[in-house]
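Fold and contact review
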Amino acid sequence: MKGRIDTLRLTAEAAAGLLERGELSAAELHAAYAEAIAKRDGELHCYLRTTPYTGGAGVPIALKDVIGTEGVETTAGSRILSGYVPVYDSTVAARCKGAGLPLLGKTNTDEFAMGSSTENSAYGPSHNPWDPERVPGGSGGGSAAAVSAGLAPWALGSDTGGSIKQPAALCGIVGLRPTYGTVSRYGIVAFASSLDQVGPTTRTVRDCARLYGVIAGRDPRDSTTVDVPGVELPTAEDLRGIKVGVPRELNEAEGIEPGVKEQVAKAIALCEELGADVEECRLPLSVEYGLPCYYLIAPAEASSNLARYDGVRYGFRAQADGDLTAVYETTRDAGFGDEPKRRIMIGTYALAAGYYEAFYGKAQQVRTVIVREHAALFERYDVLVSPTSPTVAFRFGEKTENPVAMYLSDLLTIPSCMAGLPGLSIPSGLSEGLPVGLQLIGPQLSENTLFRVGHALEQALGFDFVPERLR
Amino acid sequence: MMAITREEVLHVARLARLALTEEEVERLQGELNVILEAVGKVRELDLEGVEPTSHPLDLVNAWGDDEPQPSLPLEQALSNAPEEEAGFFRVPPA
């Protein structure tokens, strides 16, 4: 059997079928992926480390390296956590283990999940399987590229302002940022706690729903979690009875490439053909003020969360002459890369006495405006649609010199994140031979609706998730 | 929009416990000015009377039972420490 496994085409659902029918063992399936990784990961660098098969009867999984795994080094893509081996599992890692999903390895990420391209990883970037000269998106570019290239049937990522959805879009796969509070963050390396969510990166919407079902639910160890409605695997192929809103600002924002607009417009037209009511709507303040609001709140929370990396309890410690403060300061300067330092500095500034009201306080009020603007739309619509990313995958180095240009990669994913809303990205087609992502946003806890709409569109679009150059 | 001075960069770095190199101080001064000008846009809006949102869910006080649970054994808690001695994290004098 092993020789016939084509990991390039295999969905997690099909893999589970092979296991259930006894056509191969979980160990053999894990070995098939290990072989694919050995063959193709030299070029793509999706994994920071791989792990041997140690049991579990299910479909193997890759985890983004911000997800704590007992006995397996977890670095969050940062030098300051090099050598850190968690002594306990995060809740999501434990749930995957409990469901019998063997670990394939830990995937690459921008340092502390701060970035949109994996170029901020201290361990070198990952490459896009559709064109290795281009980025896979970020921060969860390792997970997305691994799933796209058949180096994992599915994976988990984490999303603060677009780190699951944007790489899924750039790699032509499916990514879900779940409703805030539905998936435990216990044992996850924290970035911005009022925004961080863990979620699945998969090849199909049904796989996404299955994996969400494994990880979602209240966790006594994370007091921000809530009870989650039962997950329904989508089957419907029409969209009758679904009201779709098309926010003008999310679809016509400056910087959206014409090829991206075209593919998304095609998918929106398809919604109508499938029986949905489609209508244009507005989100003016959320889109205009979402990005500045995010880039105050996320760095402010990051500056606080990253205070724990001091070279005392775990990870890297720099050699320093002098007192304890000198150890902190040199460890942090040598251990953090440029982007975390930038965000720590912005966040510390925004929270400092004298500036707090002018920056952080204002940003929190803007957040209320964003929450209200979305809530008003969900009185009329079941889902909102837009491009996930304004552009297709860009070239290495294209945005690294200009932090603000890189931040714009998340222009369309950020507003709904600020409101704690779930968002699903599915591939909608190709522009210049590169995948375009369609973003579906719903009200809180509407994952089942997103799965239903995403599945129906996926079936109608018939997108082939295997990168053309690997077919 | 006021520009950030070199002294402010050094002050914030001190608060954040970052021993920035001279090159970093210069670069960050420029970058922070660009970024803060971009994010300063939030101050354009009239937000009189708008309540702040610190958390996207309407959750109030998630209580847990007050029962003792096993905690990490000392040996495990210290297993990642760069330096330890006699069951403590070891650091230079403060």
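As a reminder, the structure under discussion sits directly above these lines.
Please read these numbers as outputs of a predicted model, since none were measured by experiment.

Looking now at the overall build of chain B. Tallying secondary structure elements over chain B gives three helices and two strands in all. For chain B, whose C-alpha radius of gyration is 22 Å, the value lies well above the compact-globule estimate of 12 Å for 94 residues. When its C-alpha atoms are laid out on the principal axes, chain B stretches across 50 × 45 × 20 Å. Burial statistics for chain B: of 94 residues in total, 18% are counted as buried.

Secondary structure assignment for chain A yields 15 helices and eleven strands. Scaling as 2.2 N^0.38, a compact globule of 471 residues should have a C-alpha radius of gyration of about 23 Å, and chain A matches this with 21 Å. Counting only C-alpha atoms, chain A reaches 70 × 55 × 45 Å along its principal axes. Per-residue burial over chain A gives 62% buried out of 471 residues. Taking as baseline every contact in chain A between residues at least 6 positions apart, the subset at least 24 positions apart corresponds to 77%.

This part covers the sheet that holds strand 5 (residues 174-177) of chain A. Residues and elements named next belong to chain A. If you trace the eleven strands from one edge of the open sheet to the other, you get 1-3-2-4-6-5-10-11-9-7-8, paired in mixed fashion. The outermost strands of the open sheet, each flanked by one partner alone, are strand 1 (47-50) and strand 8 (277-281). Taking the axes of each pair of neighbouring strands and ignoring which way they run, one obtains an average angle of 30 degrees across the sheet. Alignment of strand 7 (residues 243-247) against strand 8, held across five bridges, turns out to be parallel. Among the inter-strand pairings, V246 is bridged to a residue of strand 8, identified as E280.

In this complex, chain A contributes 53 residues to the contact, which on the side of chain B involves 42 residues. Looking at the side of chain A that touches chain B, the elements with two or more residues in it are helix 9 (284-305), helix 10 (324-335), helix 11 (338-351), helix 12 (357-377) and helix 13 (403-407) of chain A. For the side of chain A that touches chain B, the element with the highest residue contribution is helix 12 of chain A, accounting for eleven residues. Looking at the side of chain A that touches chain B residue by residue, the classes come out as 29 nonpolar, 14 polar and ten charged.

Below, the discussion takes up the pairing of strand 7 of chain A. Residue and element names in this part refer to chain A. The element strand 7 is extensively covered by neighbouring structure, given that four of its five residues are classed as buried. Pairing analysis gives two bridges linking strand 7 to strand 9 (residues 383-387), with the strands arranged parallel. Among the inter-strand pairings, G245 is bridged to a residue of strand 9, identified as L384.

Residues and elements named next belong to chain A. Along the chain, L104 turns up in strand 3 (residues 103-107). Owing to 27 C-beta atoms within 10 Å, L104 belongs among the buried residues under this scheme. The sequence separation of L104 and A236 amounts to 132 residues, and the corresponding C-alpha distance is 32 Å.

Of all eleven residues making up helix 6 (residues 205-215) of chain A, ten are buried, and the element is well covered by its neighbours. G217 of chain A sits one or two residues past helix 6 of chain A and shows a positive phi near 135 degrees.

The next thing to look at is the pairing of strand 10 (residues 423-431) of chain A. All names here are of chain A. Note that strand 5 and strand 10 share three bridges and pair antiparallel. Paired with R177 across the two strands is G423, which belongs to strand 10. Remark: two residues form the turn of the hairpin made by strand 10 and strand 11 (residues 434-441), two consecutive strands paired antiparallel; E432 in that turn has positive phi of roughly 55 degrees.

With that out of the way, let us pick up the packing of helix 9 of chain A against helix 2 (residues 22-39) of chain B. Between helix 9 of chain A and helix 2 of chain B, the least distance of the axes is 8 Å, while the angle of their chain directions is 125 degrees. In terms of their interaxial angle, helix 9 of chain A and helix 2 of chain B are classed as oblique. Contacts between helix 9 of chain A and helix 2 of chain B involve P292, Y295 and L296 of chain A from the first element and I35, A38 and V39 of chain B from the second. Class assignment for the residues of the contact of helix 9 of chain A with helix 2 of chain B results in six nonpolar, no polar and no charged.

Rules of the game
Residues numbered from 1 in each chain as written. Chains lettered and ligands numbered in written order. Predicted model: local features only at pLDDT ≥ 70, side-chain atom pairs only at ≥ 80, totals over all residues. Helix = DSSP H or I, 4+ residues; strand = E, 2+ residues; numbered from the N terminus. Rg over C-alpha atoms; globule rule 2.2 N^0.38 Å. Buried ≥ 20, exposed ≤ 12 C-beta atoms within 10 Å, placed from the backbone. Contact = placed C-beta atoms within 7 Å. Pairing = 2+ DSSP bridges. Axes fitted to C-alpha atoms, helices over the stretch in contact; angles between N-to-C directions. Nonpolar A, V, L, I, M, F, W, Y, C, P; charged D, E, K, R; others polar. Parallel < 35°, antiparallel > 145°, perpendicular 65-115°, else oblique.

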